Amino acid sequence: MNTSLPLTLPIECQGLQSVLTLVRRIRSVNQLLFWLMFLFCLPALGQTTTPTLISGRVIDQSTGQAIPFASLAVKGKAVGTQADLEGAFQLALRQPTDSLLVSALGYQTKAVAISGGKIQVELIPTAAQLSEVVVHAGENPAFRVLRAIHSYRKRNDFSQLSGYDYEAYSQLSIRINNLDERFRQRKPIRAVLQALEQKQGGKQQQEFPIFLSETVSHIYARQHPQHLKEHIQKTNISSVGITDDSYVSQFTGAGFNTLNFYKNQVSLFKKEFLSPLAVSGRMAYTYFLADTAQVGEYTCYGIDFDPKNERDLVFRGTMWIDTASYALVRIEAHVDSIANINFINQITIEQTYSMVSDSGKVWLPEFTHLTVQAGELVPHTFGATVDYFTSVRRPVIGQPKPVDFFTVDVELADDRSQAPADYWPTQREQSILSATFDQTRAMLDTVRNLPIVRAYTKVGQFLLNGGYLPLWRGIDLGSVYSMWAYNPIEGNRLRIGLQTNNAFSRHWQLSAYGAYGTRDKVWKTGWEVNFIPSRQPLTLLTLKHSYELERLGYRQEDIADNSFFRITSRFGAYRQAYYQRETVLTAQRDLGSDFTQTAGVRARAMNLLFPFAINQPAESSNPLTANPTVQSREFFLETRYAPGRLPNRRVTGRRIRRRTTETAPIVTLRYTLGASSVQGNRLGTYHKWQLQWAHALRWGLWGKTQYTVRAGYSPSLLPYPLLEMHLGNQTPFYNRNAFNLMNYAEFTSDRYVSLAIEHKFDGLLTNRLPLVRRWGWRSFVTGNLLWGHLSNQNRSLPATHDATGKPIAPIRSLGSVPYAEVGYGIENVFKVLRIEALHRLTYRNQPGATSFAVKLSMQVSL
């Protein structure tokens, strides 16, 4: 996930990956600012009647020694806890219960009567032996169990059910810890630590929280056709900074509770880890079959799994398999710092499954506990811990909702932030993290109320808001990033703009800007009005108008989804420039959870600053001028298929964010009907069809392939400024959406097909090279192909001389040979740099053609 945004500033947050993206940009005390920014991107997750408190200790009956990490649960209910290293436990119960089930690896499960107060549980060691196993000569005995797991996979894999739904309670905490002594002496940090020490009675603090949240949501799923929906009912956030919960869906029930080890790959933070239950698991893991053990009510095989190459994206740990059904009952999986993952010291996953009551065969995840340990990202600063927990409640199976129920993937309740006083404590009692929740929240409140922290929070808000500064309530000023630029036509370009935010209105989004060039002395202006009458389904009406300087082959609409290129495009030489006046009205509406329909009209006039003329009919009464104007009026209709979308922070954002487990392609189909004219000479109506197919294929240890197919066709007569100008790139920076060795507006087509493909090997090759593997480099290859054609009528339409008699450069198009370029390189150099060598394979003799280049981009990810 891994999305590549070359040198993109500001960086858009996308869950944990985007948090880590910010890290390398921050130094010393400003590391604290990184975690404040994190609050913009993370979701909300949140709740407390007086419970019956049960506490005690679990010991070995024969030796009297403590049994660490024993499990205690109420039979038939998703209520329980786990003993600590000393065997001590504490459990709050709100409903009458007469006994607990206590279990531990290597001990017999025991039912203990509850009498209140403290109790001591004595467990008897078990000498349980494996049931009869037929072992072939030389075969690892674990392989027999693995074959049985694969045989029963379809029956035990909960994703294969016709339908299921359940309620999920999720909790997320983020803590800064392992503070270096130099870092402690910084003024802002001293202020935070002193405030916390006063709160804790003078006790020195080794860590402090910056984010704490909890969520109650309902998850619905069906198999044929496959759909997943999450209804977020309640959220409760305590944080240092802004508590925008528009990203809540990334870290709630459907975000991690659906971690599925039955799949060949486990998607985590947009990385694909090979599951120890994968069919091809023996290629990457070594397995060891231990004695059977009692896990809760189930007698299980214990199987240890270790990676054959520790730098691959694989786990280390233990799984327990039910001896009767060969279903996964519990798994503990770890990823250590030696793995080829940036910024992370350790990832730990603990997941338990239970059989749904009365089903007799259906297993669902019951508890999922995920812990991420981040080390010092910059020397002599600090580390951090992200702790996530979710539990399943009241599961229902075999009753799939109808297809039209899944109109959206994520539904946010309007009253999600409102709850009675006793709501959250009641929800929280089943959480293994509940014992310290109130204490952590009190510490967090102390931190966020400090003046120095509030100041850093405002800086973080500025950076993550695209460089906009709050001017009045609901109105921002900016963007600072685009206030100045320089190019030969405008000279010094000065720009200022205003935009509204959610404090202004949740239904209206307004923006406007003005820009002035000191050389051309022309004002450029633009404004946009967005009205959101409905969010479920999302409906968006947009009206915008602009008068701007553009250039052929590198228009703002071509690079709208890349903030770095959008800002830097105002610099450099402006070849084939023109002033454009454009007005666009669009209506967009979601049609179900997967489809978005957009309809619109557009009028534009292009005042060309370069030589251009057309061969006019003899009866034309409109003579051409030195700077002709090309006009068009269009109606367009667009359908987009993009399943698994997540809510945008601003619904007008163009980039599509999806769940990490989503594998379906994104398909866009667009039809345009228009009329064009050149200097008043009408050329008639025209038609355009455009198709785009973007898809990612995941191959486990073999890496990931991302490919995009684009196609377009227009049978009509059009001046070439209105035809397809294939996007080139003459900068030293790599642009994944462009032909990186093609010049701007080098080729024009009225029918074309292109294929862009990139395969990332991750560490498949570099992890096996003795020296390189220590650097964490990752290799990749790319390729771009373009088949294009220009009809004879469009080829002969441009004149050879303009109205002043000045020669006009001929229009260029592709012949029978496709344009082709290939690339290869290394990414993750110093954890931020991508270096790619590119070769142009065809049309190498074109004027100004570049046959070879090395281009850079910044791409920070796990």
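Note that the structure is predicted; figures quoted are calculated from it, not measured.

Draft legend 1. Representation of a nonpolar patch on the surface in the model. Where nonpolar side chains cluster on the molecular surface, the patch consists of Leu 469, Val 480, Met 483, Trp 484, Tyr 486, Leu 494 and Ile 496 and spans about 600 Å² of accessible area. Counting residues per element, the ones that place at least two in the nonpolar patch are β23 (484-487) and β24 (491-500). Along the chain, Trp 484 turns up in strand β23. Among the residues examined, Trp 484 registers a relative accessible area of 45% and is labelled partly exposed.

Draft legend 2. Spotlight on the pattern of salt bridges. Considering all chains together, one arrives at 25 salt bridges under this definition. For Arg 698, the salt bridge identified is with Glu 272, shortest N-O distance 2.5 Å. Of this pair, Arg 698 sits in strand β32 (residues 681-698) while Glu 272 is found in strand β12 (residues 271-274), placing the two residues 426 residues apart along the sequence. Residue Arg 698 is classed as partly exposed on the basis of its relative accessible area of 25%.

Draft legend 3. How the structure looks around the pairing of strand β39 (residues 833-840). Where strand β38 (residues 819-829) and β39 come together, 7 bridges link them in antiparallel fashion. Bridge pairing in β39 places Gly 825 opposite Glu 836. Hairpin connection of β38 to β39: 3 residues between the antiparallel strands, including Phe 830 at a positive phi of 55 degrees. With 7 bridges connecting them, β39 and strand β40 (residues 852-858) associate as antiparallel partners. Considered in β40, the bridge of Leu 838 is made with Ala 853.

Draft legend 4. Representation of the nonpolar core. Counting 84 residues, the largest nonpolar core has Phe 208, Phe 261, Tyr 287, Phe 315, Met 319, Leu 328 and Ile 347 as its most contacted members. By size, the runner-up hydrophobic cluster in this structure holds 20 residues, among which are Leu 608, Phe 612, Leu 790 and Ile 811.

Draft legend 5. Representation of the side chain of Lys 688 within the structure. With respect to the helices and strands, the residue Lys 688 is situated in strand β32. Put simply, Lys 688 is tucked away with no salt bridge, and the nearest opposite charge, on Glu 634, sits 4.6 Å away. Of note is the side chain of Lys 688, whose polar atom sits 2.6 Å from the backbone oxygen of Leu 722. Not counting residues up to four positions away in its chain, the partners in contact with Lys 688 are Arg 670, Tyr 671, Thr 672, Tyr 713, Ser 714, Leu 718 and Leu 722.

Draft legend 6. Structural detail: the sheet that holds strand β18 (residues 363-374). The 11 strands lie next to each other as β13-β14-β15-β16-β17-β18-β19-β8-β9-β10-β20, forming an open sheet whose pairing is mixed. Strand pairing shows two members of the sheet lacking a second neighbour, β13 (285-295) and β20 (410-412), which therefore form its edges. Ignoring which end each strand starts from, the neighbouring axes of this sheet average 15 degrees apart. In the sheet, β13 pairs with strand β14 (residues 298-307) via 9 bridges, with the strands oriented antiparallel. Along β14, the bridge assignment pairs Phe 288 with Asp 304. Packed onto the sheet, helix α3 (residues 141-151) meets β13, β14 and β15 (316-322) and runs at close to 80 degrees relative to β13.

The rules behind these values
Residues numbered from 1 in each chain as written. Predicted model: local features only at pLDDT ≥ 70, side-chain atom pairs only at ≥ 80, totals over all residues. Heavy atoms only, no water. Patch = residues over 30% accessible without salt bridge, like charges linked within 9 Å, V, L, I, M, F, W, Y side chains within 5 Å. Areas by Shrake-Rupley, 256 points an atom, 1.4 Å probe, with all protein chains shown as cover. Salt bridge = Lys/Arg side-chain N within 4 Å of Asp/Glu carboxyl O. Helix = DSSP H or I, 4+ residues; strand = E, 2+ residues; numbered from the N terminus. Buried < 20%, exposed > 50% of the residue type's maximum accessible area, 1.4 Å probe, protein only. Pairing = 2+ DSSP bridges. Core = buried A, V, L, I, M, F, W, Y, C linked by side-chain atoms within 4.5 Å. Lys, Arg positive; Asp, Glu negative; His and termini not counted. Polar contact = N/O pair within 3.5 Å; in protein donor to acceptor, adjacent residues only side chain to side chain. Contact = heavy atoms within 4.5 Å. Axes fitted to C-alpha atoms, helices over the stretch in contact; angles between N-to-C directions.

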